[in-house]
Amino acid sequence: MNYGELLKLLAPESILALTLLLVLGADATFLSGRAPGLRRAVAASLTVAGCMGAIYWIFFFPIHGHLFSGVLVVDPLTQVTKQVLLLLTAATALLTLETAFTPHVGEYFGLQLLATLGFLFMVSSEDILTIFVALELASLSLYMLASFAKGNLASAEAGLKYFLYGGLASAFLLFGFSLLYGLTGETLLAKIAAKITTTPRDPLLVVAISMVLTGLGFKIAAVPFQLWAPDVYEGAPTPSAALIASGSKLASFFLLEKMMTIGLSSAVGSGAFHALAAGWVPMLAMLAGLSLIVGNLTALAQTSVKRLLAYSAIAHAGYALLGVIANSSQGFVALLFYVMTYGFTVLGAFGVVAVVERQTGSDRLEAFAGLSRRSPVLAGVLFVCLLSLAGIPPLAGFFGKFYLFAAILRAGAPSLGILWLVILAIALSAVSLFYYLQVLKQAFVREAPLELPFSVKPSTQLVLILLALCVILFGCAPDLLVSKLLLALKAAAPGLVF
Amino acid sequence: MIGLSHYLALSAILFSLGLLGVLVRRSLLVVYMSLELMLNAANLALVAFSRFNQNLDGQVVVFFIITVAAAEVAVGLALIVALFRLRQTTHIEDLNTLNH
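The following paragraphs examine the structure supplied in this document. (Residues numbered from 1 in each chain as written. Chains lettered and ligands numbered in written order. Predicted model: local features only at pLDDT ≥ 70, side-chain atom pairs only at ≥ 80, totals over all residues. Heavy atoms only, no water.)

**Notes on the overall build of chain B**
A tally of helices and strands in chain B yields three helices and zero strands. N-terminal to C-terminal, the α/β element order of chain B is α-α-α. At 17 Å, chain B has a C-alpha radius of gyration far larger than the 13 Å of a compact globule built from 100 residues. Viewed in the frame of its principal axes, chain B has a C-alpha envelope of about 50 × 25 × 20 Å. The burial tally for chain B puts 41% of its 100 residues in the buried class. (Helix = DSSP H or I, 4+ residues; strand = E, 2+ residues; numbered from the N terminus. Rg over C-alpha atoms; globule rule 2.2 N^0.38 Å. Buried < 20%, exposed > 50% of the residue type's maximum accessible area, 1.4 Å probe, protein only.)

Laid out in structure tokens, this is it:
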């Protein structure tokens, strides 16, 4: 392994790091003292150019390999996921133009890029050391992004809460990792799995698995580790919340799936109601069930739309966990399809919230009144995104849920023991329609006292329309993405196809 | 003779003390110190396992954890200072703007 090869494997990450330096440098030198609008425009264009450059590189120079026998893995599946992550960041950067909460423009966009760099490494890591470092790179950047509106008490508080809960979670994760290392003497996930099969089941292993799940459960905001999510989504600047909800979710779920199916593949257990067996499947089944119930039912009572989206994100973490529980390649593909389309959808919803918040100064339900007359485009995007989140065909959210249910039913086919979870998920997705329609009712039926049209930046309109089109496209032709993911999974490490 | 189990017991005690501190103490700075204690409990376990498993991977991991923890200190203290400037408090019960 020489440095040339290393650089080739890490070209997208290097492009992103160079962009980061460029954004900071440009903002600190010839743009200092200029109008904030211009600085934001330049920083956002550079960010988007960097992300697009990295996507272009992955697309036209496909290269695969394992570095140091798997410390860093670059295969077709990680590359597809990285492209989606980069798209999500580019869209977030463009939506940031709609807000003006900070004079520190270069740093804000720089941190977005740094967080994305962390996501990319999370996707590529299969060793507990690199997983930890990548996770911390992403987390530390996200803590700062959440508290970036320094003069705003809500933002400072959101960042601090995110930090405290996050620190607790990474301590748990680390202790779990240290136990895994102690039990097996290995740090590579694949080798850990191989050692676990040969040793008899140890109570310490159960402790290690629960601690790892605590740490990762925090990242995906699954109940009972969700306490930070509503406060952070509500208090953080909207683009930061959007990145936490989309990119961070996708990277964390990818990491969780790898951790479970590679690292702990020999401690699966069973989540069937009549044959519970110790392992990570019953633990995750419990997290999923609780997330579905708590997320969907608490969302019913919310009056702040960002908070509502937070509880809906908790519920969606519950749905996505079904894909991990299925523990099959079909489940993996269903999970990725679901989380990717969820990222696009929630980014669209947050984009609309950002505009409404800027124009009315509030993200309460009442602030959305008369949206369909004040800005038909925004209302249309909100309509598509929220109905997709609720799972209405023919939008992407419907097929996402459909694939998840199909994957988990097929995985438990002989006994259908996991059916209880599927029934719960379907019943609660009917409940979820109620709170999404509450928002849409405000936007389309209620009248605002003073219905002045919103002024929306052309770039924001373009991004939002593209996101909504993606949601419709992947709803009408889900095969476009699913077949790509399946091919990538088959071409990836054969150990992943099961 | 001090063996692996002694180190693990100490590490578990440190971790529990840290967790207790996070849950019980009311000052942000003390909570923050307790978090660091939990990280160091994991470090101790890693070093002990590394010593008794006769392989160096664990010690390498510890060096990275120490570095990351230092970065975390920088971010964490900055966040506490940012809050202090707005609220003149480092009390955890004053983090209540966002509770509805």
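**Some details on the overall build of chain A**
Within chain A, the secondary structure is distributed over 21 helices and two strands. Relative to the globule expectation of 23 Å for 498 residues, the C-alpha radius of gyration of chain A, 22 Å, shows essentially globular dimensions. Classification of the 498 residues of chain A by burial places 64% in the buried group. Contacts in chain A between residues at least 24 apart in sequence constitute 79% of all its contacts with a sequence separation of at least 6. Counting only carbon and sulfur atoms, one obtains 72% of the accessible surface of chain A, whose full area is about 16400 Å². For chain A, the distance from the average site of its 26 positive side-chain charges to the average site of its 21 negative ones is 4 Å. (Contact = heavy atoms within 4.5 Å. Areas by Shrake-Rupley, 256 points an atom, 1.4 Å probe, with all protein chains shown as cover. Lys, Arg positive; Asp, Glu negative; His and termini not counted. Charge placed at Lys NZ, Arg CZ, Asp CG, Glu CD.)

**Brief notes about unusual backbone geometry**
All names here are of chain A. Looking along the chain, the bond that leaves Val 223 and enters Pro 224 is cis, with omega of 5°. You can see Pro 224 is positioned in the loop between helix H9 (203–220) and helix H10 (228–235). Of note in the backbone geometry, Ala 221 takes a positive phi value of approximately 55° without being a glycine. Structurally, Ala 221 is set in the loop between H9 and H10. Judged by its relative accessible area of 2%, Ala 221 is buried. Residues other than glycine seldom take positive phi values, yet Asn 327 does so here, at roughly 55°. Its place among the elements puts Asn 327 in the loop between helix H14 (305–326) and helix H15 (329–360).

**Quick look at the environment of Ser 312 of chain A**
All names here are of chain A. Along the chain, Ser 312 falls in helix H14. For the pair Ser 312 and Ser 432, spaced 120 residues apart in sequence, the C-alpha separation works out to 8.0 Å. Setting aside chain neighbours within four positions, we find Ser 312 in contact with Leu 389, Tyr 435 and Tyr 436.

**A short note on the nonpolar core**
With 211 residues, the main nonpolar core has Leu 180, Phe 253, Met 260, Trp 280, Leu 321, Phe 368 and Leu 371 of chain A as its most contacted residues. Looking at this core element by element, the count peaks at 19 residues for H15 of chain A. (Core = buried A, V, L, I, M, F, W, Y, C linked by side-chain atoms within 4.5 Å.)

**Comments concerning the packing of helix H13 (residues 280–299) of chain A against helix H19 (residues 419–444) of chain A**
Residues and elements named next belong to chain A. One way to put it is that H13 packs onto H19 with a least axis distance of 9 Å and a crossing angle of 20°. What the angle tells us is that H13 and H19 run roughly parallel. The way H13 lies across H19 gives a crossing that is left-handed. Contact residues: Ala 285, Ala 288, Gly 289, Leu 292, Ile 293, Asn 296, Leu 297 and Ala 299 in H13; Trp 420, Leu 421, Leu 424, Ala 425, Leu 428, Val 431, Ser 432 and Tyr 435 in H19. Each residue belonging to the contact of H13 with H19 can be placed in one class, and the counts come to 13 nonpolar, three polar and no charged. (Axes fitted to C-alpha atoms, helices over the stretch in contact; angles between N-to-C directions. Parallel < 35°, antiparallel > 145°, perpendicular 65-115°, else oblique. Left-handed = near helix turned anticlockwise from the far one by under 90°. Nonpolar A, V, L, I, M, F, W, Y, C, P; charged D, E, K, R; others polar.)

**Here we look at helix H7 (residues 153–184) of chain A**
Residues and elements named next belong to chain A. The end-to-end C-alpha distance of H7 is 46 Å, a good match for the 46 Å that 32 residues give at a rise of 1.5 Å each. For H7, the tally of buried residues reaches 29 of 32 residues, placing the bulk of the element in the interior. One side-chain oxygen at the N-terminal end of H7 lies 2.9 Å from the backbone nitrogen of Ala 154; it belongs to Asn 152. Of the residues trailing H7, Gly 185 is marked for its positive phi of about 75°. (Expected span 1.5 Å × (residues − 1). Polar contact = N/O pair within 3.5 Å; in protein donor to acceptor, adjacent residues only side chain to side chain.)

**Some points on the interface of chain B and chain A**
With 43 residues of chain B in contact, the opposing surface of chain A contributes 40 residues. Carbon and sulfur atoms make up 80% of the surface buried where chain B meets chain A, a total of about 3600 Å² over both sides. If you look at where chain B meets chain A, you find zero salt bridges. If you look at where chain B meets chain A, you find seven residue pairs in polar contact (both at pLDDT 80 or more). Within the residue set of the side of chain B that touches chain A, elements represented by two or more residues are helix H1 (4–24), helix H2 (28–53) and helix H3 (57–87) of chain B. (Buried area = accessible area lost by both parts, 1.4 Å probe. Salt bridge = Lys/Arg side-chain N within 4 Å of Asp/Glu carboxyl O.)

**Some thoughts on the packing of helix H17 (residues 376–390) of chain A against H19 of chain A**
All names here are of chain A. Between H17 and H19, the least distance of the axes is 9 Å, while the angle of their chain directions is 170°. In terms of orientation, H17 lies roughly antiparallel with respect to H19. Side by side, H17 and H19 meet where Ala 379, Leu 382, Phe 383, Leu 386, Leu 387, Leu 389 and Ala 390 of the first sit next to Ser 429, Ser 432, Leu 433, Tyr 436, Leu 437, Val 439, Leu 440, Ala 443 and Phe 444 of the second. Partitioning the contact of H17 with H19 into residue classes produces 14 nonpolar, two polar and no charged.

**Let's talk about helix H12 (residues 247–263) of chain A**
An ideal rise of 1.5 Å per residue puts 24 Å on 17 residues; H12 of chain A measures up with 23 Å between its terminal C-alpha atoms. Taken across its 17 residues, H12 of chain A has 17 buried, putting it largely inside the fold.

**Some points on the pattern of salt bridges**
Note on pairing: side chains with opposite charge can pair once their charged atoms come close. All names here are of chain A. Tallied over the entire structure, the rule returns 11 salt bridges over all chains. Glu 126 serves as the salt-bridge partner of Lys 258, at 2.9 Å between the closest nitrogen and oxygen. Note that Lys 258 is positioned in helix H12 and Glu 126 in the loop between helix H5 (105–124) and helix H6 (128–146), a separation of 132 residues in sequence. Glu 234 serves as the salt-bridge partner of Arg 307, at 2.7 Å between the closest nitrogen and oxygen. Of this pair, Arg 307 sits in helix H14 while Glu 234 sits in helix H10, and the two are 73 residues apart along the sequence. When its relative accessible area of 9% is taken as the criterion, Arg 307 is described as buried. Look at Glu 234 and you get buried, because its relative accessible area is 14%. Through salt bridges that share partners, Glu 157, Lys 161, Asp 231, Glu 234 and Arg 307 make up one connected network.

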